[in-house]
Structure formats: C-alpha cells, structure tokens
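Each chain is listed here by its residues.
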Amino acid sequence: PKVLQHGAHRVGKRTDVEMATWRGYGMGQFIHWGVYSLFGGELNGNYYNGAAEWIRSWKDMPNGVYDSAYKQFNPSSFDATQWAKMAKQMGVRYVTFTTKHHDGFCLWPSKYTDYTIANSPCKKDIVKQVVDAYTKEGIDVYLYFSIMDWHNPDWRYDLKTKEDSVAFERFKLFTKKQLTELLQQYPQTKGLWFDGTWDNSWKKSGAFTDTLEQYLKTLHPGLIIGSRFRADEFGNRHVDATGVLMGDYEQGWERKIPKTYADVHGNDWDCVMTIPENGWGYQKKWLGHWKTTNEILEMTAQCVSLGGNFVLNFGPKPDGTFRPEEVEIAKEAGEWMKINNAAIYNCEYAGWEKQDWGYYTKKTNENKVYMIVFNVPVSRSLKVKPSKNTLVDKAYLLTAPGKTLSLEKLDYDASFIQLPSAQYKQPFVIVLETKEGG
Ligand SMILES: C#C[C@@H]1N[C@@H](C)[C@@H](O)[C@H]1O
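Residues numbered from 1 in each chain as written. Predicted model: local features only at pLDDT ≥ 70, side-chain atom pairs only at ≥ 80, totals over all residues. Heavy atoms only, no water.

## Some remarks on the sheet that holds strand β13 (residues 381-384)
With respect to topology, three strands assemble into an open sheet ordered β13-β17-β16, the strand pairing being antiparallel. The sheet terminates laterally at β13 and β16 (406-409), the two strands that pair on one side only. When strand polarity is set aside, the average angle formed by the axes of neighbouring strands in this sheet is 30 degrees. The sheet contact formed by β16 and strand β17 (residues 415-418) spans four bridges and is antiparallel. For Leu407, the partnering residue across the bridge sits in β17 and is Ile417. (Pairing = 2+ DSSP bridges. Helix = DSSP H or I, 4+ residues; strand = E, 2+ residues; numbered from the N terminus. Axes fitted to C-alpha atoms, helices over the stretch in contact; angles between N-to-C directions.)

Put into structure tokens, the structure is as follows:
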C-alpha cells in the first residue's frame, strides 16, 4: 500500500516514562468551565436540551447575548486550591481543564485575541491558578483546547473557496500561536486534550496537523496528545488509512466504555464521562439520570480492568463552586479510593476470563490479581478462573490480609471463593496471590 506521509509515526504504545505515568493514573478529573457556565443550560426560563456548553449554538440564543456574557464572568468564590484539594481527596491523579471551548473564550490572558479572561471582570489568569494549584497537590495537569473556535472570524467548517483557504491559513497560525503560549506560560502541563477537530476544514489539513503535533512535542518534550488531534492526508482521524492509531492514546471513548479488551486494539486509552447523561458545562437542571458514586466506581474499575483510565467531568458553577451532588460524589469516591486504590493505581488488564461478580486488575510483575467485586451472588460463591499456567495460592480481602478466604477447587481450572455471610453494601477488593503452575 501507499506509504502515508502524515499517518501514524509509531506503531504500538509509547514506551517512555511520561506515558507509563499516564498509563497508571487509573482515575482522572475533567473540568469544563467558561462563559457557558453563566447560562447553566437555560435562557429566559427555557432549557436548552443539548449539552450546556453548546448553548451558544442553540437557535434560541441570540449570538449578541452570548458573546457579551463574558462581561458578567466574575466567579467570586473561585479558589483553585479548593478545587485541587477536592480532587486530591477524591483520589484523581490527573486533571484536564478547559482553556478554550468551542465558543472561543480563553480562560488565560492570550495575546492573540481580546476574547479572554483578561477583559472580563474576573481578570485572573484562571489557567495559571488551576495549573499551579493542582500541580502543588501532586495532580498532573492536561489542558483541553478546542480547535473549532466559533468566535474567531477566520474559523471555517469547510474549505470550499479561495477565501476560505486564505482565512483558514490565518486561523491555523492563530491556533499555533495560542498553543505555543499555553505551553510556554504553563510549562508544568503534561499534555494537550484536543477537541472540535471533526470538521472538513481540519480533516483537509492533515499535513498541517502532523507538522503542528511534531512542533508541539519538540517545544515540550514528553508532551502527551491523544488521537483526536490529527488527520492523515486522506482526512482519516484517530486511525490512519493503514489502520494505525495516530496519537499517544485512543481518545474516542467519550461517554462510552469499551465492552471487551479486544475493543481497545492494544492501545492506551481513557474514557471521559459526565455525571448526568450528557452535558459537560454547569447545568442548572440535570436532565435524566445522574450517576451514583457506586456507578462511577464501577466505571472506574471497568476502565482499569481493560487497560484504560476513567476521567469524571465536573462543571463548576459561574461563581466557581461545585454543585453539592458533585462535591458528595468526590467525597464518597475518595473514601473508597483511599481504602482500595491498590486495585486501581498503576493497574492494568489481567487477562483472566471476566466473571459476573466484577472486574480483575493487576500490576505488572506482581504475583497478585485484584478482584473488584460489585455483584455478590446469592450463593456468595465467587467463581475465579485464572489465566493459563497460573494458580491461585491464597485469597483474602484487601482490608483483611490476615484472614484467608476459603478456595474450593472445582473440577475444571476454576475455583469458588466462598464469602462469609455479611451485608455487602459497597464494592470491595479481594487479593489473589498467584503462582506459576497448573
Ligand atoms: C461534543 C463535544 C464536546 N466534547 C466533550 C469533551 C465536551 O467538551 C463536549 O462539548
């Protein structure tokens, strides 16, 4: 087949230390905050039924109303240290923060547009305060950046005319300059999370996206960029024309989780998830179902058991505080993570046959497999079927290492772990010590 000029430049996972750190995070936090938060998905008592951060695109939203709203952005209770401490208590190990969403409003004082926080009543360099506060808490920071920019007159959805192409050349230069200033002003940044890259204008810019990604990685060695950024020279995104992933991890798992290990094709990946059914920016009314802490813990376990990370989104209110439901989830999840994080941090796909009771995880080069149990059967017998040439030597609750659980060998290469009678109201972890054999 034709050799691609602007397809993937690497087959397989990155093997450097920065990516190994990323791979082991387990749980992360996403934060969507900006001018859209002022509306909370509502205007004049009517609710936008899309994702709240897209409210500018609502037919009932006059552009002038949205585009002047930044003059009211004045988060009196914003305290990045409080945000970072809540995240630390929750147990997240990385955060992705919106520097500029599709509306084009910059939460840092960019030199390349007036549509920034510097010209709002707030004036603070929000991005700097978030980067500094989270870094101080030992949480790695990734910066979300939307390529699509509804505010910039040179943005184009497609390149149909000469004028389109001339304007979009200006837009690409503007984009490169903004990304350069983000990496130079916030050098603690570990990676860039790109969004708004699905339109034809960007898909027709494959060579530019390739050159830009290489420029950014030269500017900031070790930088991590997912598969949502680039297009190859044929307009393919995420996976190039030869079927190889472009980017350092698969970035397509938005509000969805792979079902099996085969679904991740041996790539690094993470899943980004909302607490309500949809909507990333603050929403005054959460429509439909919102996830409980146990659902969120199960999604975390499911992602880690399939070799990925789970990233939960929070949408701060216009005043800079979080909804009580979000604070409660962070607290409850943190209490569980504090006790059980051995089964989450630096863990990976164990390769054992999935059972109904929950998820397996393991650490590389450790003769242990973790069982994260969500569903105790009425028999209280948990079936365990190790991978080939592996035997279970001992089983015990992570919280009670001294009390061995009974292992009943079945007539094929499986065992039952008999749980003591108890009320199992919380997910819990069983440690299996393993050895070669069988
Ligand atoms: C669609 C879309 C965007 N991608 C999510 C991560 C949010 O930013 C949403 O607005």
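The rest of the description comes next.
## Details of empty space enclosed by the protein
Evaluation of the coordinates by the stated rule reveals three cavities of 30 Å³ or more. Volume-wise, the largest cavity comes out at about 50 Å³. What lines the largest cavity is simply Ile275, Pro276, Gly279, Trp280, Gly281, Tyr282, Gln283, Trp286, Asn313, Phe314, Gly315 and Glu326. When the residues that make up the lining of the largest cavity are grouped by side-chain class, the tally is six nonpolar, five polar and one charged. (1 Å grid on protein atoms, 1.4 Å probe; cavity = no way out; pocket = protein on both sides within 12 Å on 5 of 7 lines; lining within 4 Å. Points joined across faces, edges and corners; volume = space filled by probe spheres on them. Nonpolar A, V, L, I, M, F, W, Y, C, P; charged D, E, K, R; others polar.)

## A few points about the site of the ligand
With respect to spatial proximity, the complete set of residues near the ligand consists of His32, Glu53, Trp54, His101, His102, Tyr144, Trp193, Asp195, Glu254 and Trp280. Glu254 is positioned with one of its side-chain polar atoms (N or O) 3.2 Å from a nitrogen atom of the ligand. Taken together, the residues of the shell around the ligand break down into four nonpolar, three polar and three charged. (Near = heavy atom within 4 Å. Polar contact = N/O pair within 3.5 Å; in protein donor to acceptor, adjacent residues only side chain to side chain.)

## Re the pairing of strand β4 (residues 94-100)
Along β4, seven of the seven residues are buried, which leaves the element largely enclosed by surrounding structure. Relative to β4, strand β1 (residues 27-31) runs parallel, the two sharing four bridges. Across the sheet, residue Phe30 finds its bridge partner in β4, namely Thr96. Relative to strand β5 (residues 140-146), β4 runs parallel, the two being bridged by six bridges. (Buried < 20%, exposed > 50% of the residue type's maximum accessible area, 1.4 Å probe, protein only.)

## Topic: the sheet that holds strand β18 (residues 428-436)
Within the open sheet, the five strands sit side by side as β11-β12-β18-β14-β15. Their pairing is antiparallel. At either end of the open sheet lies a strand with only one pairing partner, and these are β11 (358-361) and β15 (400-404). This sheet shows a mean twist of 35 degrees between the axes of neighbouring strands, independent of strand direction. Two elements, β11 and strand β12 (residues 368-373), share four bridges in a ladder whose sense is antiparallel. Bridge assignment links Tyr360 to a residue of β12, and that residue is Met371.

## Some remarks on the packing of aromatic side chains
Scanning all chains against the criterion turns up 40 aromatic pairs. On the basis of an interplanar angle of 85 degrees and a centroid distance of 5.3 Å, the ring pair of Tyr70 and Tyr115 is categorised as edge-to-face. Highlighted residues: Tyr70 in the loop between α3 (63-68) and α4 (80-90) and Tyr115 in the loop between β4 and α5 (126-136), separated in sequence by 45 residues. Judged by its relative accessible area of 15%, Tyr70 is buried. Plain terms: the ring middles of Tyr424 and Phe428 are 5.0 Å apart, the flat faces sit at 35 degrees to each other, and that makes the pair tilted. Here Tyr424 falls in the partly exposed class, since its relative accessible area comes to 28%. Pairwise contacts between aromatic rings join Trp33, Tyr70, Phe73, Phe78, Trp83, Phe97, Phe105, Tyr115, Phe314 and Phe322 into one cluster. Above the ring of Tyr47, the side-chain terminus of Lys285 is found at 4.5 Å from the ring centroid. The residue whose ring lies beneath Lys354 is Tyr359, and the NZ or CZ to ring-centre distance is 4.5 Å. (Phe/Tyr/Trp six-rings, centres within 6.5 Å; stacked < 30°, edge-to-face > 60°. Lys NZ or Arg CZ within 6 Å of the ring centre and 35° of its normal.)

## Focus on the pattern of salt bridges
Enumeration over the complete set of coordinates arrives at 28 salt bridges. A salt bridge links Asp248 to Arg14; its shortest N-O distance comes to 2.9 Å. Of the two residues, Asp248 sits in the loop between β7 (224-225) and β8 (250-254) while Arg14 sits in the segment before α1 (17-23), which places them 234 residues apart along the sequence. Summarising the burial analysis for this pair, Asp248 and Arg14 share the class buried. In this structure, the salt-bridge partner of Glu213 is Arg230, at a minimum N-O distance of 3.3 Å. In this pair, Glu213 is assigned in helix α8 (residues 206-219) and Arg230 in the loop between β7 and β8, connecting sequence segments 17 residues apart. Of the two residues, Glu213 and Arg230, both sit in the buried class. (Salt bridge = Lys/Arg side-chain N within 4 Å of Asp/Glu carboxyl O.)

## Here's the deal with the side chain of Thr293
Residue placement: Thr293 occurs in helix α9 (residues 293-305). Residue class for Thr293 comes out buried when judged on its relative accessible area of 8%. Not counting residues up to four positions away in its chain, the partners in contact with Thr293 are Ile329, Glu332 and Ala333. (Contact = heavy atoms within 4.5 Å.)

## Considerations on the packing of α9 against helix α10 (residues 324-340)
Two packed helices can be described by the angle between their axes and the distance between those axes. Contact geometry for α9 and α10: axes closest at 9 Å, N-to-C directions at 55 degrees. With respect to each other, α9 and α10 are oriented oblique. Relative to α10, the crossing made by α9 is right-handed. Between α9, through Thr293, Ile296 and Leu297, and α10, the contact on the second element is made entirely by Ile329, Glu332, Ala333 and Trp336. For the contact of α9 with α10, a count of residues per class yields five nonpolar, one polar and one charged. (Parallel < 35°, antiparallel > 145°, perpendicular 65-115°, else oblique. Left-handed = near helix turned anticlockwise from the far one by under 90°.)

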